[in-house]
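# Coordinate analysis (summary)
Listed below are the residues making up each chain.
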Amino acid sequence: MEFQHVSVLLEETIGALQIKPDGIYVDGTLGGAGHASEICRQLGDGGRLIGIDQDEEALTASRERLKEFGEKVSIIKSNYVQIKQVLQDLGIDKVDGIILDLGVSSYQLDNAERGFSYMADAPLDMRMDREQSICARDIVNTYPEAELFRIIREYGEERYAKSIARNIVRTRQTKEIETTFELVEIIRSSMPAKARNGKGHPAKRTFQAIRIECNHELEVLRGALDGMIDLLADHGRLCIITFHSLEDRIVKLCFRRNENPCTCPPDFPVCVCGKKSRGKVVTKKPVLPSEREQNENTRSQSAKLRVFEHIESGI
């Protein structure tokens, strides 16, 4: 299956990066190189693009798509949480922009064997990095009921999490849960008819929750953001596209904290904590896809773009 992915908020993200022809930019979630290829088109002879992804199939597709840009491009198999080490290995201290698109690619969703989709029957997998040892099947069949409940409730914001977790444990006592459709059926049977037949697929939230847990997505995001700001040159920008309210909240709070890190009580006349601003939040409200984009690509409908600009002298 050919790796395909429609880049979300492409024009808005590229515009927010304010690309300099001789700048150095990092795409930490390279995927099919949609954003990266547009960055490369705006780079001059001195410009450079570093692409990072943990999905080998994405890397293969992006190498093909970006080969026309030659030595401007370096493609690395890694997780974006390792961005500092990746740049050190390349002899790079600072970059002019970083982008993260935290959505699952169209290829990963549409390729049934990857086990991300509740719309096709396949082995339960959901690993972004297929060399990773733990997959969705392990989570579903080994996690205690209380932990399954926590994950499905918190990461999926699923109101029937308790019933779903209970029925997963009950089912696996008789037979291991091996496929996406087996899990879908358990989820369906855990909901009242009104919820099963309502708007949206009944398994969407639970699948999202298990995928987030499988790939440690929220922990990775929390662990990466401050370090990414450290890597930005003066007036360099960090652009992050989220698709989930928990991701968006992590990004929003991080950006806000880096803009105004002061921990002094509000009634102090002057700051005494010594914590200095590291820049400014460019997007006071998240940038959303246009109505046209949402109609043309329904997977963009939950996307939000937030942008932070590093300013070495603070603000």
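Overview of the structure.

Calculation notes
- Residues numbered from 1 in each chain as written.
- Predicted model: local features only at pLDDT ≥ 70, side-chain atom pairs only at ≥ 80, totals over all residues.
- Heavy atoms only, no water.
- Phe/Tyr/Trp six-rings, centres within 6.5 Å; stacked < 30°, edge-to-face > 60°.
- Helix = DSSP H or I, 4+ residues; strand = E, 2+ residues; numbered from the N terminus.
- 1 Å grid on protein atoms, 1.4 Å probe; cavity = no way out; pocket = protein on both sides within 12 Å on 5 of 7 lines; lining within 4 Å.
- Points joined across faces, edges and corners; volume = space filled by probe spheres on them.
- Buried < 20%, exposed > 50% of the residue type's maximum accessible area, 1.4 Å probe, protein only.
- Arc of directions from axis to C-beta.
- Contact = heavy atoms within 4.5 Å.
- Polar contact = N/O pair within 3.5 Å; in protein donor to acceptor, adjacent residues only side chain to side chain.
- Core = buried A, V, L, I, M, F, W, Y, C linked by side-chain atoms within 4.5 Å.
- Pairing = 2+ DSSP bridges.
- Axes fitted to C-alpha atoms, helices over the stretch in contact; angles between N-to-C directions.

## Some points on the packing of aromatic side chains
Where two aromatic rings form a pair, the distance of their centres and the angle of their planes describe that pair. Following the criterion strictly, the structure yields 2 aromatic pairs and no others. With a centroid separation of 5.7 Å and 90° between ring planes, the pair formed by Tyr118 and Phe207 is classed as edge-to-face. Pair noted here: Tyr118 is in the loop between helix H5 (106-110) and helix H6 (136-142) and Phe207 is in helix H11 (residues 204-214), with a separation of 89 residues, a long-range link. Ring centres 5.4 Å apart and planes at 45° place the aromatic pair Phe255 and Phe308 in the tilted group. Separated by 53 residues along the polypeptide, Phe255 in helix H13 (residues 245-259) and Phe308 in strand E7 (residues 304-310) bring together distant segments of the chain.

## Regarding empty space enclosed by the protein
Applying the stated criterion across every chain yields a total of 1 cavity of 30 Å³ or more. Taken as a whole, the largest cavity spans an internal volume of roughly 460 Å³. Every residue lining the largest cavity is counted, 32 residues in all, and those nearest its centre are Thr29, Asp53, Asp101, Leu102 and Gly103. Within the residue set of the lining of the largest cavity, elements represented by two or more residues are helix H2 (34-41), strand E2 (48-53), helix H3 (56-66) and helix H12 (217-230).

## Focus on H3
Turning to H3, its buried residues number three or more, namely Ala58, Leu59, Ser62 and Leu66. Take H3 and look down its axis: the buried residues cluster within an arc of 95°, on one side only. For H3, the secondary structure elements touched by its buried residues are H2, E2 and strand E3 (73-77). For H3, the N-terminal capping position is held by Asp55, with its side-chain oxygen 2.9 Å away from the main-chain nitrogen of Glu57.

## So, the nonpolar core
With 59 residues, the main nonpolar core has Ile168, Leu183 and Leu238 as its most contacted residues. Sorting elements by how many residues they give to this core places H12 first, with 7 residues. In terms of nonpolar packing, the next biggest core, distinct from the first, is built from 26 residues, Val8, Leu30, Val73 and Ile241 among them.

## Remarks on the environment of Lys252
Relative to the elements of secondary structure, Lys252 occurs in helix H13. For the pair Lys252 and Lys284, spaced 32 residues apart in sequence, the C-alpha separation works out to 9.2 Å.

## Here's the deal with the sheet that holds E2
Note: strands within a sheet are paired through backbone hydrogen bonds, in either parallel or antiparallel orientation. Across the sheet, which stays open at both edges, the 7 strands sit in the order E3-E2-E1-E4-E5-E7-E6 with mixed pairing between neighbours. The open sheet has two edge strands with one neighbour each: E3 and strand E6 (279-281). Adjacent strand axes in the sheet meet at a mean angle of 15°, parallel and antiparallel pairs treated alike. Both strand E1 (residues 24-27) and E2 contribute to a ladder of 4 bridges, which runs parallel. Bridging across to E2, Val26 finds its partner in Ile50.

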